Amino acid sequence: MLLFIMAVVSPGQKGYAQKVQDKFSNDAKTTMYLFRKTSPFFLNEERIALLNKFQTYSDSLPYTTFDKYLISPDQTSVDKENSNPILYCYRNAFDSVIDEVKNTKVEQGTAVIWVLYNMGIVVKTPSGCFGIDINHRWAEKLEPYLDFICVTHNHEDHKSIEIMESMNRKGKPVLSNFYEASDKYFSITPGSYKIGKFSIQTDITDHNTKLLNFISVFRIDCGKDAGNFSILHCGDSNFNPMQFTHVQGPVNLAIIRFGAPAENNISGTGEGLVKPDYAVLSHVIELRHRITESPQRVSIIKVMNRIPRMKYEHTILPFWGEKLIWRNGKLSK
């Protein structure tokens, strides 16, 4: 004889579950609120403790759960964001970025840079706004505020098909080495482009020993009205200097990866080398990656500990939703 037992959840149990959910949500809200008051230029005890909290949140979310969240209906995704601390932080950072991008009036001689997620950034100047490696569950919502986007390579954690297609439908450039629909800006070889006051140079680099000529790196000069701010975004490059010769020039801010030794290979003066004023470490807590197995989710703690080994004048680790301002030849919060 088979015996079936049905679990009945009492109203009291439901109330307890809601209290647990509220506790997680409120804790994440407090963490984000306090984190916004810290600065990536000062890695003090308070900031380290908050970064550790993000790590703890992340360690409780399997990549399979994140994958389901990404493809779930909108309301289901919102419900998940309100019940899981790392998903709350993920959404909260996006909302902060899009609100500030929409409403920030950039002064002459200034550029504003937002860190979105993974290696995704948004840059706004007095004359325009662009994104690089924009990837997020809600990425398409940024399209109205961007003049063009750059995508370093065809991997899920660096692209958003939705925003690429939305940009293309509106006639906005999508620069990449794989999205052929934006044909004028598609290239598998190094190139140069002029979009408004933005001058863009690209080079093609290897990702690793198997994915050769897979990454487009972008150096963008933002123009005089942006204080001549220039940025180099390296994507998932393998950092071979001989594959950076077409992006030579001044670099105020370099977006590298997570502080692996190879990332120092392009630091310096000479052919294929750059000497940025600031280097940003990124690609931490990529929630699509597995926590312990390959491709492994890079911990924010590990990356934080690598900062002293980086051969750049200033190396910083901003996190989701943080804003940097370029003004008078230097970065500030």
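Rules used throughout
Residues numbered from 1 in each chain as written. Predicted model: local features only at pLDDT ≥ 70, side-chain atom pairs only at ≥ 80, totals over all residues. Heavy atoms only, no water. Helix = DSSP H or I, 4+ residues; strand = E, 2+ residues; numbered from the N terminus. Rg over C-alpha atoms; globule rule 2.2 N^0.38 Å. Buried < 20%, exposed > 50% of the residue type's maximum accessible area, 1.4 Å probe, protein only. Contact = heavy atoms within 4.5 Å. Salt bridge = Lys/Arg side-chain N within 4 Å of Asp/Glu carboxyl O. Axes fitted to C-alpha atoms, helices over the stretch in contact; angles between N-to-C directions. Parallel < 35°, antiparallel > 145°, perpendicular 65-115°, else oblique. Nonpolar A, V, L, I, M, F, W, Y, C, P; charged D, E, K, R; others polar. Pairing = 2+ DSSP bridges.

Caption draft 1: Summary view of the overall build of the protein chain. Looking only at helices and strands, the protein chain has seven helices and 14 strands in total. The C-alpha atoms of the protein chain give 21 Å as radius of gyration, which agrees with the globular expectation for 333 residues (20 Å, within 12%). Overall, the C-alpha framework of the protein chain stretches about 75 × 45 × 40 Å when taken along its three principal axes. Looking at the 333 residues of the protein chain, the share that counts as buried comes to 54%. Restricting to contacts in the protein chain with at least 6 residues of sequence separation, those with at least 24 account for 58%.

Caption draft 2: Seen up close, the pattern of salt bridges. Applying the stated criterion across every chain, the model contains 14 salt bridges. Here Asp74 ties to Arg137 by a salt bridge, and the two come within 2.9 Å at their closest N and O atoms. Here the residue Asp74 occupies a position in helix H4 (residues 74-81), and Arg137 occupies one in the loop between strand E3 (128-132) and strand E4 (148-150), the gap between them amounting to 63 residues. Look at Asp74 and you get partly exposed, because its relative accessible area is 47%. Since its relative accessible area comes to 16%, Arg137 is described here as buried. Overlapping salt bridges, with partners in common, bring together Glu81, Arg91 and Asp95 in one network.

Caption draft 3: Examining the packing of helix H2 (residues 45-59) against helix H5 (residues 85-103) more closely. The N-to-C vectors of H2 and H5 enclose an angle of 120°; their axes lie 7 Å apart at closest approach. Taken together, the axes of H2 and H5 are oblique relative to one another. Contacts between H2 and H5 involve Phe54, Tyr57 and Ser58 from the former and Pro85, Ile86 and Cys89 from the latter. For the contact of H2 with H5, the per-class residue count stands at five nonpolar, one polar and no charged.

Caption draft 4: Highlighting the sheet that holds strand E14 (residues 330-332). Strand order in the open sheet made by the seven strands is E5-E4-E3-E2-E1-E13-E14, with mixed pairing throughout. A strand with exactly one partner marks an edge of an open sheet, and here the two such strands are strand E5 (174-175) and E14. Across two bridges, the pairing between E4 and E5 is parallel. Bridging across to E5, Ile149 finds its partner in Val174. Running at roughly 140° to E4, helix H6 (residues 161-169) makes contact with E4 and E5 of the sheet.

Worth remembering: the numbers are spatial, not functional.
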